[in-house]
Amino acid sequence: MTRTMMIGAALIACGASVAGAQTLPPDAAVQAALDAHPAVQGAEARVDSARADQRALNAGPHEFTFTGSYARRTIDREGQFNEYDATLSRAFRLPGKARLDAQAGALGVEAARNNAEDARHQAARLLNDLWWEWIGASAQAAVDAQSVANYQRTLDALKRRVSLRDTAQMEADQAAAALADAQVVAAQSRGQAALARVRLAAQFPALPLPDSAPVAPEPVLADATLLTMRDQVLERSHEIAAAQAEAGRSAALAERARQDRIADPSVGLRLFSERGGAERGAGVTFSIPLGGGARRAAADRGAAQASVAQAELALVRQSLREMAEGDVARARSAYAAWVSARAALEAQMAALAKLRRGLSLNAVDLADVLQGERLTHAAFRTEADTRAQAHRAINCLRIDSHNLWIAD
């Protein structure tokens, strides 16, 4: 490997401090991109729907009902008479039902609000995945492009030596074959980087992207910080808060259905006129439905749904504990993989330097050097990939613990 490639690839591996500070997109741009994501907008619309449901529950299911009738009656030897009857009535919720309706409505809004925040959280996770996929693919493409340039310089040097009869044509052919292989890999990696950028832009069109992916700095991992963020995943989870609110809402609706086995009474005012006004009167009406099997079934269904909501709350808590522990495990393993990849790269670069010195002394064959070049190139690619994956895992934990892009 030439000194130029070693310097260029080392910059890719290590990252410049200025570029590293700008690895993530600006926070304001991220917030705007999350706001514009369809999943977040749909969740916000569901909050508006929950508020409308709350207003309906507060108002209650009953309305004023007006009923009336008009008749023209004929009586023998007395003549014809105009008669009418009018009643205005309304049902009233029995004590306790209005409180349960208000409680269910408020908890429905709370659940929808937390679900909207969780939708934003999931969109942030998707953005993190696609962002680091683009950075990792772009870093590998840069390594592959530098590899092509290196093989091209090696081939040019060998061609000059062949023209001076200082080496055999076979060595130039070997270098040409290595160059062709490197060009294939470079073309594939350019395509992967372009695809990663397209996916990121398609999912988050409101996020302005730079022309080229930023260089990732060295990842940093503090075990104490990991454990703190693990606990924050559970403490700050909107998913758990939404499940708790939904469980409370289901419990309120179940109690409401149980109380509704005694139906709400209706009270009304009745006015009537008979025999053309000869008889007139006013009175009060009262009615109450007699509950039957349907109301008992509704109460049983509400109780079962409340049990389902409690089970789902327990499942969400269990899943979040698994996610928190999994986030920590992924961050640790991804960081350890990068450390190993970095050590392997440094060892491979040292081995390649020895091979090149041996070639200059005619103590090593060109084929051995080209194999060393391939192994070094592979080591650079692995380091670039593991670097991006380590950042991806660490930032995923930061997002899940609401320390990045998601407010507590």
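Residues numbered from 1 in each chain as written. Predicted model: local features only at pLDDT ≥ 70, side-chain atom pairs only at ≥ 80, totals over all residues. Heavy atoms only, no water.

**Q** Tell me about the overall build of the protein chain, residues and numbers included.
**A** Of regular secondary structure, the protein chain possesses 10 helices and 4 strands. For 408 residues, the compact-globule estimate of 2.2 N^0.38 gives 22 Å, and the protein chain exceeds it by more than 25% at 37 Å. Taken along the three principal axes of its C-alpha coordinates, the protein chain extends 140 × 45 × 35 Å. For the protein chain, buried positions account for 40% of its 408 residues. In the protein chain, of all internal contacts separated by at least 6 residues, the share reaching a separation of at least 24 is 81%. Working note: accessible area of the protein chain is about 21,500 Å², and carbon and sulfur atoms make up 55% of it. Each charge sign in the protein chain was given a centre, from 47 positive and 47 negative side chains, and these centres are 2 Å apart. (Helix = DSSP H or I, 4+ residues; strand = E, 2+ residues; numbered from the N terminus. Rg over C-alpha atoms; globule rule 2.2 N^0.38 Å. Buried < 20%, exposed > 50% of the residue type's maximum accessible area, 1.4 Å probe, protein only. Contact = heavy atoms within 4.5 Å. Areas by Shrake-Rupley, 256 points an atom, 1.4 Å probe, with all protein chains shown as cover. Lys, Arg positive; Asp, Glu negative; His and termini not counted. Charge placed at Lys NZ, Arg CZ, Asp CG, Glu CD.)

**Q** An account of the packing of helix α4 (residues 38-59) against helix α5 (residues 97-163) is needed here, citing residue identities and associated values.
**A** For the pair α4 and α5, interaxial distance at closest approach is 8 Å and the crossing angle is 175 degrees. Between α4 and α5, the interaxial angle falls into the category roughly antiparallel. Residues belonging to the contact of α4 with α5 are distributed by class as follows: 14 nonpolar, 5 polar and 6 charged. (Axes fitted to C-alpha atoms, helices over the stretch in contact; angles between N-to-C directions. Parallel < 35°, antiparallel > 145°, perpendicular 65-115°, else oblique. Nonpolar A, V, L, I, M, F, W, Y, C, P; charged D, E, K, R; others polar.)

**Q** Outline α5, listing residues and values.
**A** For α5, with 67 residues, the first-to-last C-alpha span of 98 Å sits near the 99 Å given by 1.5 Å per residue. Among the residues trailing α5, Arg 165 stands out with phi positive, at a value near 60 degrees. (Expected span 1.5 Å × (residues − 1).)

**Q** Outline the nonpolar core, supporting the account with residue identities and numerical values.
**A** Judged by nonpolar contacts, the single largest core of 27 residues is most densely connected at Leu 34, Leu 127, Trp 131, Leu 200, Phe 204, Leu 207 and Trp 405. Only α3 (27-36), α5, α6 (169-203) and α10 (366-400) provide two or more residues apiece to this core. A per-element tally of this core places α5 first, with 10 residues. Of all hydrophobic cores here, the second largest spans 20 residues; its members include Val 233, Ile 240, Ala 334 and Leu 397. (Core = buried A, V, L, I, M, F, W, Y, C linked by side-chain atoms within 4.5 Å.)

**Q** Go over the environment of Ala 102, please, and point to the residues and values.
**A** In this fold, Ala 102 is placed in helix α5. For the pair Ala 102 and Leu 269, spaced 167 residues apart in sequence, the C-alpha to C-alpha distance is 28 Å.

**Q** Let's hear about unusual backbone geometry: which residues, and what values?
**A** In this model, His 402 sits at a positive phi of 65 degrees, which is unusual for a non-glycine residue. Residue classification places His 402 among the buried positions, given a relative accessible area of 6%. Despite not being glycine, Trp 405 shows a phi value in the positive range, around 70 degrees. Its place among the elements puts Trp 405 in the segment after α10.

**Q** With reference to specific residues and values, describe the pairing of strand β1 (residues 65-75).
**A** Two strands pair when backbone bridges link them, and β1 and strand β2 (residues 79-91) are joined in this way by 11 bridges, in the antiparallel orientation. Within β2, the residue paired with Arg 73 across the bridge is Phe 81. Two successive antiparallel strands, β1 and β2, enclose a turn made up of 3 residues, where Arg 77 displays a positive phi of approximately 65 degrees. (Pairing = 2+ DSSP bridges.)

**Q** So, the confidence of the model for the protein chain: which residues are in play, and what are the values?
**A** Predicted coordinates in regions of low pLDDT should not be interpreted in detail. The predicted model of the protein chain has a mean per-residue pLDDT of 89, with 94% of residues at 70 or higher. Of the regions scoring below 50 in pLDDT, residues 1-21 engages in 45 contacts with residues more than four places distant in sequence or in other chains. (pLDDT = per-residue confidence, 0-100.)

**Q** Can you explain the environment of Ser 340? Please cite residues and give values.
**A** Position of Ser 340 among the secondary structure elements: in helix α9 (residues 293-360). In this structure, the C-alpha to C-alpha distance between Ser 340 and Arg 301, residues 39 residues apart in sequence, is 57 Å.

**Q** Lay out the sheet that holds strand β3 (residues 266-274) in plain terms, naming residues and giving numbers.
**A** Ordered in space as β1-β2-β3-β4, the 4 strands form an open sheet in which the pairing is antiparallel. The sheet is open, and its two edges are formed by β1 and β4 (279-287), each paired on a single side. Adjacent strand axes in the sheet meet at a mean angle of 15 degrees, parallel and antiparallel pairs treated alike.

**Q** Give a description of a nonpolar patch on the surface that names residues and reports values.
**A** A surface patch of nonpolar side chains, about 950 Å² in accessible area, is lined by Phe 92, Ile 262, Val 267, Leu 269, Leu 271, Val 284, Phe 286, Ile 288 and Leu 290. Every element with two or more residues in the nonpolar patch is listed here: β3 and β4. Position of Val 284 relative to the elements: it lies in strand β4. (Patch = residues over 30% accessible without salt bridge, like charges linked within 9 Å, V, L, I, M, F, W, Y side chains within 5 Å. Salt bridge = Lys/Arg side-chain N within 4 Å of Asp/Glu carboxyl O.)

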